[in-house]
Amino acid sequence: MKKKLIISSMLAMVVLPLSAQFNRTPTPNDTLQSVRQDGNGNVVLSIYAPQARQVSIAGDIMPWGKKPDVRRADNGVWSVTVPGVKDGVYRYHFVVDGVNVYDPVAPTAGETSALACIGSDNAFYAMKNVPHGAVAQRYYHSQNLNATRRLHVWTPAGYEKSADSLPVLYLIHGGGDTDNSWPGVGAAGFILDNLLAEGKMKPMIVVMPNGSIKADRMEDEVPLFEEDLVQSIIPFIESNYRVVADKDHRAMAGLSMGGMETLETMLKDYDKFAYFWVLSSGWFANNKPAYANYQQQLNKIAAGFNKNVRQLVFTQGGTEDIAYHNGKEMLKLFDQAGIKYEYSEAPGGHTWHTWRNNLHALAQRIFK
């Protein structure tokens with residue numbers, strides 16, 4: 001089969017998994033506010049580029065014929081002052097030593113990466129000549145966060161003309177990503193389109209929420225998402241889509257940090273789902289107090305969990321998966337509690353190569 005390389009402008013993101021613990025030297029970029037108003041009608045845009053020789057700004061935000069006021073601080077942060085900016089929405093980018101650079105710390109920065117689609121036309125994640133479903137970008141109000149948030153929803157081909165109510169898979173990305181990651185670099189829409197066309201999966205709706213929430217610590221972020229899912233996301237979906245609104249027709253899967261959010265949901269809401277898949281994830285093995293608490297919770301829910309949950313699956317991307325140790329240690333708690341589960345691993349590490357394969361596998365097994 002002929003190989004091909006396509007550079008796409010589709011949106012993607014490099015994952016910074018929160019299940020890993022990195023030791024690195026902080027930089028000014030960690031806390032940089034790249035766009036701010038100075039109170040005098042001016043907008044200041046900043047970028048951390050310590051090795052750059054020249055920085056400028058371009059885009060709609062820069063008035064024609066105006067020379068930007070560019071200054072470099074000793075810490076390597078370059079700031080460009082744009083005068084008299086009226087209220088509105090503007091496109092902008094930096095020009096660093098003659099190269100156009102998108103703002104690396106903007107809220108949408110992770111969604112401006114190109115995708116390199118490498119491989120066979122027959123890959124399970126390739127765009128093929130099959131009926132395609134729709135991937136919709138939706139906004140909802142989060143009750144616990146008191147904010148408007150975004151999610152993506154895949155509906156199968158023909159859903160618009162059908163009267164059938166479908167089961168729902170809630171599919172969560174990893175740390176550092178957004179709800180755009182599964183339909184983007186995760187190729188979720190194409191994977192699901194192909195499986196449905198081949199008759200290998202049941203028709204379903206797949207909801208891809210934003211699992212990233214601003215919090216001081218990930219330990220705070222995870223329970224906030226569980227609350228958002230149960231209090232706001234599920235009610236939003238069940239109010240706006242034709243779904244079967246019971247536990248036997250709900251599934252949840254998450255990778256890395258999303259796996260931790262799946263685990264949190266399992267502990268608190270196991271009676272609301274029949275299927276859980278935890279991908280490349282596990283509780284931090286070096287947190288002994290937390291481990292003791294998790295053990296107590298697992299012991300408490302074990303009987304009800306085994307009765308209510310049809311399928312609990314843990315997967316790892318082989319020994320090279322950075323969550324491998326945490327995941328293996330965590331399973332000892334499930335063993336001690338007597339909770340039934342399946343476990344599998346395959347080479348691939350903590351990467352989208354692994355997680356695309358995971359989606360391909362799980363979509364064929366749930367709701368059957």
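Residues numbered from 1 in each chain as written. Predicted model: local features only at pLDDT ≥ 70, side-chain atom pairs only at ≥ 80, totals over all residues. Heavy atoms only, no water.

## Describing the overall build of the protein
Assigned secondary structure in the protein consists of six helices and 17 strands. Here the C-alpha radius of gyration of the protein, 23 Å, is about what a compact globule of 368 residues would show, namely 21 Å. If you line up the protein on its principal axes, its C-alpha atoms span 70 × 50 × 45 Å. Taking all 368 residues of the protein together, 48% fall into the buried category. The long-range share in the protein, meaning contacts at least 24 apart out of those at least 6 apart in sequence, stands at 75%. Accessible surface for the protein amounts to roughly 18,400 Å². Of this, 51% is attributable to carbon and sulfur atoms. Within the protein, one finds 36 positive and 36 negative side-chain charges whose respective centroids are separated by 4 Å. (Helix = DSSP H or I, 4+ residues; strand = E, 2+ residues; numbered from the N terminus. Rg over C-alpha atoms; globule rule 2.2 N^0.38 Å. Buried < 20%, exposed > 50% of the residue type's maximum accessible area, 1.4 Å probe, protein only. Contact = heavy atoms within 4.5 Å. Areas by Shrake-Rupley, 256 points an atom, 1.4 Å probe, with all protein chains shown as cover. Lys, Arg positive; Asp, Glu negative; His and termini not counted. Charge placed at Lys NZ, Arg CZ, Asp CG, Glu CD.)

## Things to note about the packing of aromatic side chains
Counted by the stated rule, this structure contains 16 aromatic pairs. Aromatic pair Tyr270 and Phe305: ring centres 6.1 Å apart, planes at 50°, arrangement tilted. Here Phe305 lies in helix α4 (residues 288-308) and Tyr270 lies in the loop between α3 (257-269) and β15 (275-279), a separation of 35 residues in the sequence. Accessibility classification places Tyr270 together with Phe305 in one group, the buried group. Judged by centre distance (5.5 Å) and plane angle (85°), the rings of Phe314 and Tyr341 are edge-to-face. Taken as a pair, Phe314 in strand β16 (residues 311-316) and Tyr341 in the loop between α5 (324-337) and β17 (342-345) lie far apart in primary sequence, 27 residues in all. (Phe/Tyr/Trp six-rings, centres within 6.5 Å; stacked < 30°, edge-to-face > 60°.)

## Examining α4
Taking 1.5 Å as the rise per residue, α4 with 21 residues should run 30 Å; its terminal C-alpha atoms sit 29 Å apart, in good agreement. At Ala302, α4 shows its largest bend, some 55°. When α4 is considered as a whole, its buried residues turn out to be Ala290, Tyr291, Tyr294, Gln295, Leu298, Ile301, Ala302 and Phe305. Tucked into the core, α4 has its buried residues touching α3, β15, β16 and α5. A distance of 3.1 Å separates the backbone nitrogen of Ala290 from a side-chain oxygen at the start of α4, and that oxygen is part of Asn287. (Expected span 1.5 Å × (residues − 1). Bend = angle between axes of the 7 residues up to and from the residue. Polar contact = N/O pair within 3.5 Å; in protein donor to acceptor, adjacent residues only side chain to side chain.)

## Section: the sheet that holds β15
An order of β10-β11-β13-β12-β14-β15-β16-β17 is seen for the eight strands of this open sheet, with the pairing classed as mixed. In this open sheet, the two strands that pair with only one neighbour each are β10 (134-142) and β17. Sheet twist, expressed as the average angle between the axes of neighbouring strands with direction ignored, equals 20°. Contacts from α3 reach β12 (168-172), β14 (250-255), β15 and β16 within the one sheet, and its direction differs from that of β14 by about 140°. Seen against the sheet, helix α6 (residues 352-363) touches β12, β14, β15 and β16 and runs at an angle of roughly 165° to β15. (Pairing = 2+ DSSP bridges. Axes fitted to C-alpha atoms, helices over the stretch in contact; angles between N-to-C directions.)

## Notes on the environment of Asn122
Looking at where Asn122 falls in the secondary structure, it is placed in the loop between β9 (115-120) and β10. The class for Asn122 is exposed, based on a relative accessible area of 51%. For the pair Asn122 and Ser281, spaced 159 residues apart in sequence, the C-alpha to C-alpha distance is 30 Å.

## Observations concerning unusual backbone geometry
A positive phi angle is found at Asn146, which is not glycine, with a value near 50°. With respect to the helices, strands and loops of the structure, Asn146 is situated in the loop between β10 and β11 (147-155). The phi dihedral of Ala187 is positive, around 50°, even though this residue is not glycine. Following the sequence through the fold, Ala187 ends up in the loop between β12 and α1 (188-197). Look at Ala187 and you get buried, because its relative accessible area is 11%.

## Thoughts on the pattern of salt bridges
Going through the model one piece at a time under the given rule, you end up with 14 salt bridges. Lys272 is paired through a salt bridge with Asp269; the nearest N and O atoms lie 3.4 Å apart. Residue class for Asp269 comes out buried when judged on its relative accessible area of 5%. One salt bridge connects Arg365 with Glu342, and the closest N-O pair in it is separated by 2.9 Å. (Salt bridge = Lys/Arg side-chain N within 4 Å of Asp/Glu carboxyl O.)

## Observations concerning the packing of α1 against α6
Where α1 meets α6, the closest approach of the two axes is 10 Å, and the angle between their N-to-C directions is 35°. Crossing of α1 over α6 shows right-handed handedness. Where α1 abuts α6, its residues Ala188, Ile191, Leu192 and Leu195 lie against Arg356, Leu359, His360 and Ala363. Partitioning the contact of α1 with α6 into residue classes produces six nonpolar, one polar and one charged. (Left-handed = near helix turned anticlockwise from the far one by under 90°. Nonpolar A, V, L, I, M, F, W, Y, C, P; charged D, E, K, R; others polar.)

## As for the sheet that holds strand β3 (residues 43-48)
Strand order in the open sheet made by the four strands is β2-β3-β6-β5, with antiparallel pairing throughout. On the outer flanks of this sheet lie β2 (35-37) and β5 (69-72), each paired with one strand and no other. For this sheet the average axis-to-axis angle between neighbouring strands, irrespective of direction, equals 20°. For β3 and strand β6 (residues 77-82), the ladder comprises six bridges, and the chain directions are antiparallel. Paired with Leu45 across the bridge in β6 is Val80.

## Observations regarding the pairing of β11
Across the nine residues that make up β11, a large majority, seven, are buried. Here β10 pairs with β11 via nine bridges, running antiparallel. Paired with Ala136 across the two strands is Val153, which belongs to β11. With antiparallel pairing between neighbouring strands as the criterion, β10 and β11 make up a hairpin whose turn holds four residues, including Asn146 at a positive phi of roughly 50°. The sheet contact formed by β11 and strand β13 (residues 205-209) spans four bridges and is antiparallel.

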